[in-house]
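The primary structure of each chain is shown beneath.
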Amino acid sequence: MGEVRFLPVADVRVPEKTEHARQAHSAQARTINAWRNPMNDAVLSQTLPRSFDTRRAVYLSVKTWFCIAAIGHAIFFAYILAVFYPPIAESGVHGLKGLHLPAGFREGDTLGNLASVSHVLLAAIVIGGGPLQLIPSVRRHAPNFHRWLGRSYLLTAVIASIAGLYMTWTRHTIGNLVSQISITMDGILILVFAFLAVRTAMARRFAEHRRWALRLFMAASAVWFFRVALMGWAMLTGGWGVDWKSFTGPFLYALGFGQYLLPLAMLEWYFHCQKRGTAQGTQIAFVNTLIPLTVFMAIGIFAATMGMWLPRI
């Protein structure tokens, strides 16, 4: 038998096929290490799908709603200044004549005329000052302006509400008993919210104060919501459910209460979405509800601007 010789490891010849496999394995290892490189991780994090951030979606939808609502308030504010202030400044309560107000000037009704004038003039502060109070940058960079505007807003909202309640039950201007009840409920809510906003501010419970101030804004802006919703509805449906002569009808009855109850309900839903642990489904449902309402509001602002406000400025 021939002698069996064990060659040193260094002398062992690796077959060509084995060497090829080793090179393939090394290339694979280099590829894996490259994928593990932190720079590649940063690039991949931008391309891989992320989970849907429902809390940010709520924030963006509310911010969009507020921006559009602020634009609508600004247009209505300009309308009030341009149409009502000049004749009243020139002729006093007699300036209400010819302004097409349901509760305008009435000969011999001094108290009613004063209520009508105060309601119209103070509406400019309510409509123009409300959105400014809700801008965080104004509150941070101009705190004194924020406080004085807030006090003026509260006072004018209360006075305008009392004047509106007086005109509703003494002049019987438009609508019927259902309309009077809906307006009265809004006036009472304004008074309650204003009181609670002042109370919480004096107690330095500022988180509660901001919530009551937001509720006050929604209730005090009902006169704006009413016009926007009515004109948007008329544009989309031709005014179904509205008797324009008597200013009654099923839609007007629903709008009479919905002009403040719906915004307040959405606000409470928003407060709930801000709480920790709120289900994502609740937040998604809020966004899916607010978006079509915002679109409808935008349509109403356009219709009211083109059909009521802009032609009279």
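Report follows, based on the coordinates. (Residues numbered from 1 in each chain as written. Predicted model: local features only at pLDDT ≥ 70, side-chain atom pairs only at ≥ 80, totals over all residues. Heavy atoms only, no water.)

1. Points about the overall build of the protein chain
The condition that has to hold: Comment: elements are numbered from the N terminus, with helices defined as DSSP H or I runs of at least four residues and strands as E runs of at least two. Buried residues are those whose accessible area, probed at 1.4 Å on protein chains only, stays under 20% of the maximum for their type, while exposed residues exceed 50% and partly exposed ones sit between those limits. In this description, contact between two residues means that some pair of their heavy atoms is separated by no more than 4.5 Å. Note on areas: Shrake-Rupley with a 1.4 Å probe; residue coverage comes only from the protein chains shown.
Per the secondary structure count, the protein chain includes 12 helices and 0 strands. Taken from the N to the C terminus, the helices and strands of the protein chain come in the order α-α-α-α-α-α-α-α-α-α-α-α. Taking all 313 residues of the protein chain together, 36% fall into the buried category. Excluding contacts between residues fewer than 6 apart, the proportion of contacts in the protein chain whose partners are at least 24 apart in sequence is 68%. Put simply, the protein chain shows about 19,000 Å² of open surface, and 66% of that area lies on carbon and sulfur atoms.

2. Here we look at the packing of helix α3 (residues 54–83) against helix α5 (residues 110–133)
Just so we agree on the cut-off: What counts as an axis is a line fitted to C-alpha atoms, over the stretch in contact for a helix, and the angles between N-to-C directions run from 0 to 180 degrees. Should an angle fall under 35 degrees it is taken as roughly parallel, and over 145 as roughly antiparallel, whereas 65 to 115 is taken as roughly perpendicular and any remaining angle as oblique. Note on convention: near helix rotated counterclockwise from far helix by under a right angle means a left-handed crossing. Clockwise means right-handed. Basically, the charged four are Asp, Glu, Lys and Arg, the nonpolar ten are Ala, Val, Leu, Ile, Met, Phe, Trp, Tyr, Cys and Pro, and anything else, Gly included, counts as polar.
Contact geometry for α3 and α5: axes closest at 9 Å, N-to-C directions at 155°. The pairing of α3 with α5 is recorded here as roughly antiparallel in orientation. In this structure, the crossing between α3 and α5 has a hand that is left-handed. Of the residues in α5, those touching α3 at F66, A70, H73, F76, F77, I80 and L81 are V120, A123, A124, I127, G128 and P131. Among the residues forming the contact of α3 with α5, the class breakdown is 11 nonpolar, 2 polar and no charged.

3. Observations regarding the nonpolar core
The cut-off we apply is this: Residues belong to a common nonpolar core when they are buried Ala, Val, Leu, Ile, Met, Phe, Trp, Tyr or Cys residues joined through side-chain atoms within 4.5 Å.
Of all hydrophobic cores here, the largest spans 49 residues; its most connected members are W65, I80, W224 and F286. Taken together, the elements giving at least two residues each to this core come down to α3, α5, α7 (143–170), α8 (177–202), α9 (206–220), α10 (222–237), α11 (250–274) and α12 (280–309). Apart from the residues lying within four places of it in its own chain, the contact partners of W224 are A69, G72, H73, F76, I127, M297, I301 and W309. Residues A229, F247, F251 and L255 belong to the second largest nonpolar core, which totals 8 residues.

4. Focus on α11
Owing to its 3.6 residues per turn, the α-helix aligns residues three or four sequence positions apart on the same side. This is how the line gets drawn: Helix span, as expected, comes to 1.5 Å for every residue beyond the first. Take the seven residues that end at a residue and the seven that start at it, fit an axis to each, and the angle between those axes is the bend at that residue.
The first and last C-alpha atoms of α11 sit 35 Å apart over 25 residues, in line with the 36 Å expected at 1.5 Å per residue. Maximum bend of α11: about 50°, positioned at G258.

5. A short note on the packing of aromatic side chains
To be explicit about the condition: Working definition: rings of Phe, Tyr and Trp (its six-membered ring) pair if their centres are within 6.5 Å, and the pair is stacked with planes under 30 degrees apart, edge-to-face with planes over 60 apart, and tilted otherwise. When the NZ atom of lysine or the CZ atom of arginine is within 6 Å of a ring's centre and also within 35 degrees of its normal, the charge is said to sit over that ring.
Per the stated rule, a full pass over the model turns up 14 aromatic pairs. Centroid distance F76 to W309: 4.9 Å. Interplanar angle 25°. Geometry classified as stacked. Within this pair, whereas F76 is found in helix α3, its partner W309 is found in helix α12, the two being separated by 233 residues in sequence. Centre to centre, the rings of Y79 and F84 are 5.7 Å apart; their planes meet at 85°, and the pair counts as edge-to-face. For Y79, a relative accessible area of 6% puts it in the buried group. Grouping aromatic residues by their ring pairs yields a cluster made of F76, Y79, F84 and W309. R151 extends its terminal NZ or CZ atom over the ring of W148, reaching a point 4.7 Å from the ring centre. Above the face of the W212 ring, R215 is positioned so that its terminal group lies 4.2 Å from the ring centre.

6. Section: a nonpolar patch on the surface
Defined as follows: In this scheme, patches are assembled from residues that exceed 30% relative accessible area and form no salt bridge. Like charges are connected within 9 Å, while nonpolar side chains (Val, Leu, Ile, Met, Phe, Trp, Tyr) are connected within 5 Å. Only one rule defines a salt bridge in this text: a Lys or Arg side-chain nitrogen within 4 Å of an Asp or Glu carboxyl oxygen.
Together, M235, L236, F302, M306, L310 and I313 make up an exposed nonpolar region whose accessible area comes to about 620 Å². Taken together, the elements giving at least two residues each to the nonpolar patch come down to α10 and α12. One can find L310 in the segment after α12.

7. Here's the deal with the environment of H119
Structurally, the position occupied by H119 is in helix α5. Of the residues examined, H119 reaches a relative accessible area of 30% and is grouped as partly exposed. With 37 residues separating them in the primary sequence, H119 and T156 have C-alpha atoms 8.8 Å apart. Sequence-distant contacts of H119, that is, excluding residues within four places in its chain, are made with A160, A163, G164 and M167.

8. Here's the deal with the packing of α8 against α11
Contact pair α8 / α11: the axes reach a minimum separation of 7 Å and the direction vectors enclose 20°. Relative to α11, the element α8 is oriented roughly parallel. Regarding α8 and α11, the two cross each other, and that crossing is left-handed. Contacts from V178, I181, S182, M185, D186, L189 and F193 in α8 reach Y253, G256, F257, Y260 and L264 in α11. Its residues assigned to classes, the contact of α8 with α11 comprises 9 nonpolar, 2 polar and 1 charged.

9. Considerations on α3
This is how the line gets drawn: Any pair of nitrogen or oxygen atoms within 3.5 Å is treated as a polar contact; in protein, a donor-acceptor pairing is required on top of that, and neighbouring residues in sequence qualify only through side-chain atoms on both sides.
The end-to-end C-alpha separation of α3 is 43 Å, in line with the 44 Å expected for 30 residues at 1.5 Å each. If you check the start of α3, you find a side-chain oxygen 3.3 Å away from the backbone N of R55, and it comes from D53.

10. Re the pattern of salt bridges
Going through the model one piece at a time under the given rule, you end up with 2 salt bridges. Between R205 and E208 there is a salt bridge, with the nearest N and O atoms lying 3.0 Å from each other. Given the relative accessible area of 37%, R205 is considered partly exposed. Ionic pairing is found between E268 and R215, a salt bridge with its closest N-O pair at 2.6 Å. Taken together, the residues E268 in helix α11 and R215 in helix α9 connect sequence positions 53 residues apart. In this structure E268 comes out as partly exposed when scored by relative accessible area, which is 35%.

Structural measurements only, silent on function.
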